[in-house]
Amino acid sequence: MQKDIKTFLDQDEKKDLLRILTAGSVDDGKSTLIGRLLFDSKRLYEDQLSALERDSKRVGHAGDDIDYALLLDGLKAEREQGITIDVAYRYFSTNQRKFIIADTPGHEQYTRNMVTGASTANLAVLLVDARHGVITQTKRHTFIVNLLGIKHVVVAINKMDLVDYSKERFDEITSAYKEFITGLNIPDVNFIPISALKGDNVVNVSDNMPWYHGKSMLEFLETVHVASDRNFEDFRYPVQFVNKPGLDFRGFCSTVASGTVKPGDEIIALPSRKSSKIKQIIGADGEQKIAFPPQSITITLDDEIDVSRGDMLVHHDNKPRNERQFEAMLVWMDENKMNMQTQFYIKHAYNTTKARIDKIQHKINVNSLEKEQSAPFVLNEIGRVVLTTVKPLLFDPYKKNKETGSFVLIDPITHNTSAVGMIIDKLGNKDMPSRITDVDMKKIDRGEALISHKEREQRLNQRPATLWITGLHGSGKNALAYTMERKLFDLGASAVLMDGSTVRSGLSRELDHSPADRAEHLRRVAHVAKILNDQGLIVICSFISPYANIRQQVSEIVGKDRFHIIHMDAALESCRKSKPDLYNLADKGKLKYMPGLDERYEKPENPTLRLKPENKESNMDKILDYLNANKIFPLE
Amino acid sequence: MNNYTLTHLRQLEAESIHIIREVASEFVNPVMLYSIGKDSSVMARLAEKAFAPGKVPFPLMHIDSKWKFREMIKFRDNYAKEKGWNLIVHYNKEGYESGVGPFSHGSKVHTDVMKTQALLGGLNKYKFDAAFGGARRDEEKSRAKERIFSFRDEFHQWDPKNQRPELWNIYNTKIQKGESIRVFPLSNWTELDIWQYIRLENFPIVPLYFAKERPVVEFNNALILLDDDRMPEDLAKKAKMKKVRFRTLGCYPLTGAVESDADTVEKIVEEMMTTTKSERTTRVIDFDQDASMEQKKREGYF
């Protein structure tokens, strides 16, 4: 016996691990199925069983039979309501494998719980009642499984005993489901006809369905191959903890997120882009020659480069994205509904920074799977959004890499986990929408104005206007703006000048030149221009403002009748000549987001005026003629 | 196909180390609670691995009910010294001085004063913002839904209806001043996993787990070890030598021994695989109503 137990333990030690998601509602028999897997795999001890018999008589829902579901429903309140309302984790093992079941409720109001269980699962067991077939709930669950990237699905067609173990019924449901999942991205789908209550095809293959030649549920779970589901291609090592016990040791601790790494590998640290070589890999069991996910290891490097928590070690030729703006599928987890003004904490690959939700692209109705237009999300709602973060994140799309593609949003005040997200294959910047006008922009009622617009116009002898000059770096915008300011002053007009560097040195000082920040910068400018116009002033604005959609939104904030766009239409070559240093830096890659180079510049289609920088003399005249003709200045 | 696979034990180990490092990174003043039992021993070992070759950057705290087995205390002190742990031993001074104990006050009062209150006192005294516990989800039904990072309000209370969603391996560690998080790095381990790991890694645990001739007394349907002279005399004189071992360790008057010949880890596992009682049945405190653990947890017990 002693020898047997040694053999048993030696084998048992080498088992692997399968994480299973189960979803279903009270009537599906999900808890009965799990209870039976636990029970029949002899994981239940006698005293748990006697407690079970006692409980079955008191609160059971299964008459005089043993109610397997009672094994599972943990918390007192839930037991009394007879439903599972949270994720419960169950453990059992067989000779082949250890299993962790994330057992989640099936109703729509518990979508967030199912999403939670799905996040760590290798495989999902979806229960279908043979009498009802593929119903809305089945579709909703499949959608979530697909969203969270689970690669293996077992559709357990349950209660076969109630349809006379009919092959026709089984085939009917199977083809209905297959049709439904065309177009989804689940590589491995399997169907097993069972009766959880009677035990058919749960542990042993049943004699009641001789037409079924596949495996029983347990056999299937024991043998399904999941080891190669992880990403072993792209090495990502987001540093979790820096271990500096003394002067002579500096180790970077973390769990390998994806890919593999060996001592001697050339790596670079992001975002610093400093290079080094892997010196040593220390695993839980000492030094190792290779590391792969999900090992928790400590890496030392040949060079003393500065690396902190949240930085990422990667191979030279395979880097993640490094951006502040991206799209994601978001699941709302909070009782409080989404607030677009909130600056959330975002936690992603050991980085915590702030993020705001810029735009809702659409919401998905989890029952019809249709896209919907899109009020802010409430609890359990799912949809596609655009996010902007304060610090750039190092990420991959979730589909390629769960570890670097997932994040959570945390409410800054309640500290609730408000939402969880999966990053989508990023659109190019040019397709990235930016919103600067506020959908819910309220008309502020200041009460009856004591000075009317008319009075202001007469006093100043001018009609307020925003003269918006757009053009590339070095196109001569600012020169024109200064000339206009001087000329209008000399003629007795009241004009104010705003330009990029002035506003960026104060009002927009924390913003950079990325598309998202550019949008925010221009939003501020637009609102200032509007305030100044409301005081009757003419505002001269000189901003590159490269995107048509943002200029359009600026005009909506300022007011379309007050907004006049002047395009300094300079060729890129002449811009280079007037600002060679700037363009040289950009050519060397030291300046990002340079319109006309790595960033697009969209010429306005129908500007008020299109001017050439070389016509210095006539440009001012054209502007004055325009102001005159449109009775902007002078009014009389 | 490739051979980048990890056994379930190595996966569990990696997950636990990840959790332990996350706490060290995100909290100002964490502590690891140490009950001296086998689960605590596994947890402490994982912490040592997480920070090797450095020292573990947080202390180990034992809540001493003053009624632990003497062998446990000896083991604790040797272990902490050998591994260089910063060991904090905390007990409820008031309770101790007023003589609270299981024989005189019963298990309920003793557990509340010398364990639950003592724990809260220790956490408050040192203002810990995160505390590791060795609890496993498979131990008891109400634990099955507990998070790995379990939020506690400023009164250390757990609200089962208001738990933070926990996805992937991203843990929400944001708390306000006074609030704290209990962290359970062994959540996904089962009793068998624990024994397997002890066997695999071959590290010492308290000898009480192994069968040996010991003086025991039958009391409340359990076999209680005659560990010191505080056992009432009429009980103590009934003591008989039996070959016994302990499946769980706590206060000696509240922890029943089982008759056993298992004096190696292999034999213990063998016994466990063929036994018909789950491990908590040897804990006297669990014989209350079935929701008693949930109740205790709401009040701040682990």
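(A) Quick look at the overall build of chain A. Along its length, chain A carries 17 helices and 26 strands. Partitioning the contacts of chain A with sequence separation of at least 6, the portion at a separation of at least 24 is 72%. Working note: accessible area of chain A is about 28400 Å², and carbon and sulfur atoms make up 48% of it.

(B) Seen up close, the overall build of chain B. Of the regular secondary structure elements, chain B holds nine helices and 10 strands. For chain B, the residues scored as buried account for 64% of the 302 residues in total. Considering only contacts within chain B whose residues lie at least 6 apart along the sequence, 75% involve residues at least 24 apart. Taken as a whole, chain B presents about 12000 Å² of accessible surface, with 49% of it coming from carbon and sulfur.

(C) The sheet that holds strand β3 (residues 87–90) of chain B, seen in detail. All names here are of chain B. Strand order in this open sheet of six strands is β3-β2-β1-β4-β6-β5, and the pairing throughout is mixed. This sheet does not close on itself; its edge strands, each paired only once, are β3 and β5 (149–152). Between one strand axis and the next, the sheet turns by 30 degrees as a mean value, whatever way the strands run. As judged from the four bridges shared by strand β2 (residues 60–63) and β3, these two strands associate in the parallel manner. The residue of β3 that forms the bridge with His62 is Val89. Set on the sheet, helix α2 (residues 38–51) makes contact with β1 (30–33) and β4 (130–132); between it and β1 the angle comes to about 140 degrees. Taken strand by strand, helix α3 (residues 70–83) contacts β2 and β3, and its axis lies near 150 degrees from that of β3.

(D) The packing of helix α13 (residues 515–534) of chain A against helix α14 (residues 548–558) of chain A, seen in detail. All names here are of chain A. Contact geometry of α13 with α14 gives a least axis separation of 8 Å together with a crossing angle of 25 degrees. With respect to α14, the axis of α13 lies roughly parallel. Handedness of the crossing formed by α13 with α14: right-handed. Side by side, α13 and α14 meet where Ala519, Leu522, Arg523, Ala526, His527, Ala529, Lys530 and Asn533 of the first sit next to Ile550, Val554, Ile557 and Val558 of the second. When its residues are assigned to classes, the contact of α13 with α14 shows eight nonpolar, two polar and two charged.

(E) How the structure looks around the environment of Ile290(A). Examined against the element boundaries, Ile290(A) turns out to sit in the loop between β12 (286–287) and β13 (296–301). Accessibility expressed as a relative area gives 25% for Ile290(A), which makes it partly exposed. The sequence separation of Ile290(A) and Leu18(A) amounts to 272 residues, and the corresponding C-alpha distance is 23 Å. Aside from chain neighbours lying at most four places away, what touches Ile290(A) is Thr260(A), Val261(A), Lys262(A), Gln295(A) and Tyr4(B).

(F) Region of interest: the pattern of salt bridges. If you walk through the whole model with that rule in mind, you get 53 salt bridges over all chains. Among the ionic pairs, Asp193(B) bridges to Lys98(A), the shortest N-O distance being 2.3 Å. Residue Asp193(B) is found in helix α6 (residues 191–201), and its partner Lys98(A) is found in strand β3 (residues 97–105); the two belong to separate chains. A salt bridge links Glu327(A) to Arg384(A); the shortest N-O distance between them is 3.0 Å. Taken together, the residues Glu327(A) in strand β15 (residues 321–332) and Arg384(A) in strand β19 (residues 382–395) connect sequence positions 57 residues apart. Taking relative accessible area as the criterion, Arg384(A) reaches 22% and is therefore assigned partly exposed. Within the structure, one salt-bridge network assembled from shared partners comprises Asp285(A), Arg10(B), Glu13(B), Arg45(B), Lys49(B) and Glu201(B).

(G) View of the nonpolar core. The biggest cluster of nonpolar side chains holds 74 residues, and the ones touching the most others in it are Met32(B), Phe58(B) and Trp85(B). Discounting residues that sit within four places of it in the chain, Trp85(B) has contacts with Met32(B), Ala44(B), Ala47(B), Glu48(B), Val56(B), Phe58(B), Pro59(B), Leu60(B), Tyr79(B) and Ala80(B). Core analysis: the second largest hydrophobic core is formed by 71 residues, Phe143(A), Tyr177(A), Trp168(B) and Ile170(B) among them.

(H) Up close: unusual backbone geometry. Geometrically, the link from Phe633(A) to Pro634(A) is a cis peptide bond, its omega value of -10 degrees lying close to zero. Mapped onto the fold, Pro634(A) is located in the segment after α17 (616–629). In this chain, Ala52(B) is followed by Pro53(B) through a cis amide linkage whose omega measures 0 degrees. Assignment of secondary structure puts Pro53(B) in the loop between α2 and β2.

(I) Looking closely at the domain arrangement of chain A. Residue and element names in this part refer to chain A. By the assigned domains, chain A splits into domain 1 (12–229), domain 2 (237–315), domain 3 (321–431) and domain 4 (455–629). For the domain 1 face of the interface with domain 3, the top three residues by lost area are Arg112, Phe143 and Leu147, together amounting to 42%. Taken together, the links from domain 1 to domain 3 amount to one salt bridge. Of the charged contacts, one joins Glu335 and Arg112 as a salt bridge, the two residues approaching to 3.3 Å between their closest N and O atoms. Going through the elements one at a time, α5 (111–119) and α6 (136–147) are the ones with two or more residues in the side of domain 1 that touches domain 3. Considering only residue class, the side of domain 1 that touches domain 3 consists of eight nonpolar, six polar and four charged.

(J) Quick peek at the packing of aromatic side chains. Evaluated as defined, the whole model comprises 32 aromatic pairs over all chains. Plain terms: the ring middles of Tyr398(A) and Trp168(B) are 5.8 Å apart, the flat faces sit at 65 degrees to each other, and that makes the pair edge-to-face. Here the residue Tyr398(A) occupies a position in the loop between β19 and α9 (402–405), and Trp168(B) occupies one in the loop between β5 and β6 (180–183), the pair thus bridging two chains. Classification of Trp168(B) by relative accessible area gives buried; the value is 10%.

(K) How the structure looks around the sheet that holds strand β8 (residues 222–225) of chain B. Residues and elements named next belong to chain B. Here four strands make up an open sheet; going across it, the order is β8-β7-β9-β10 and the pairing antiparallel. Bordering the open sheet on either side are β8 and β10 (258–259), each of which pairs with just one other strand. Bridge count between strand β9 (residues 240–245) and β10: two bridges; the pairing is antiparallel. Pairing of Arg245 across the sheet is with Val258, part of β10.

Basis of the calculations
Here the residue numbering is sequential within each chain, running from 1 through the sequence in written order. Naming scheme: in the order in which they are written, chains are lettered from A and ligands are numbered from 1. Selection of residues for local features in this predicted model requires a pLDDT of at least 70, selection of side-chain atom pairs for listing and counting requires 80 or more, and totals for whole chains, interfaces and linings are taken over all residues. Hydrogens are left out, water is left out, and the side-chain values use all remaining heavy atoms of the structure. Helical segments are the DSSP runs of H or I of at least four residues, strand segments are the runs of E of at least two, and each set is numbered from the N terminus. Residue contacts follow a heavy-atom distance rule, with two residues in contact if any of their heavy atoms lie within 4.5 Å. With residues, only the protein chains shown are counted as cover, and all accessible areas are computed by Shrake-Rupley using a 1.4 Å probe. Remark: exposure states derive from per-residue accessible area (1.4 Å probe, protein chains only) relative to the maximum for the residue type, with buried under 20%, exposed over 50%, and partly exposed in between. When DSSP finds two or more bridges between two strands, those strands count as paired. Angles shown run from 0 to 180 degrees and are taken between the N-to-C directions of axes, each axis being a line fitted to C-alpha atoms and, for helices, limited to the stretch in contact. These descriptions rest on fixed angle ranges, namely under 35 degrees for roughly parallel, over 145 for roughly antiparallel, 65 to 115 for roughly perpendicular, and the rest for oblique. Helix crossings fall into two classes, left-handed where the near helix is turned counterclockwise from the far one by less than a right angle and right-handed where it is turned clockwise. Gly falls in the polar group here, along with every residue not listed as nonpolar (Ala, Val, Leu, Ile, Met, Phe, Trp, Tyr, Cys, Pro) or charged (Asp, Glu, Lys, Arg). Whenever Lys or Arg places a side-chain nitrogen within 4 Å of a carboxyl oxygen from Asp or Glu, that contact is recorded as a salt bridge. Working definition of a nonpolar core: buried Ala, Val, Leu, Ile, Met, Phe, Trp, Tyr and Cys residues. They are joined through side-chain atoms within 4.5 Å. Note that the domain bounds were set by an automatic or database domain assignment. Summed over both partners, the accessible area lost on bringing two parts together, with a 1.4 Å probe, is the buried area. The aromatic pairing rule takes the rings of Phe, Tyr and Trp, using the six-membered ring of Trp, and pairs them if the centres are within 6.5 Å, calling planes under 30 degrees apart stacked, those over 60 edge-to-face and the rest tilted.

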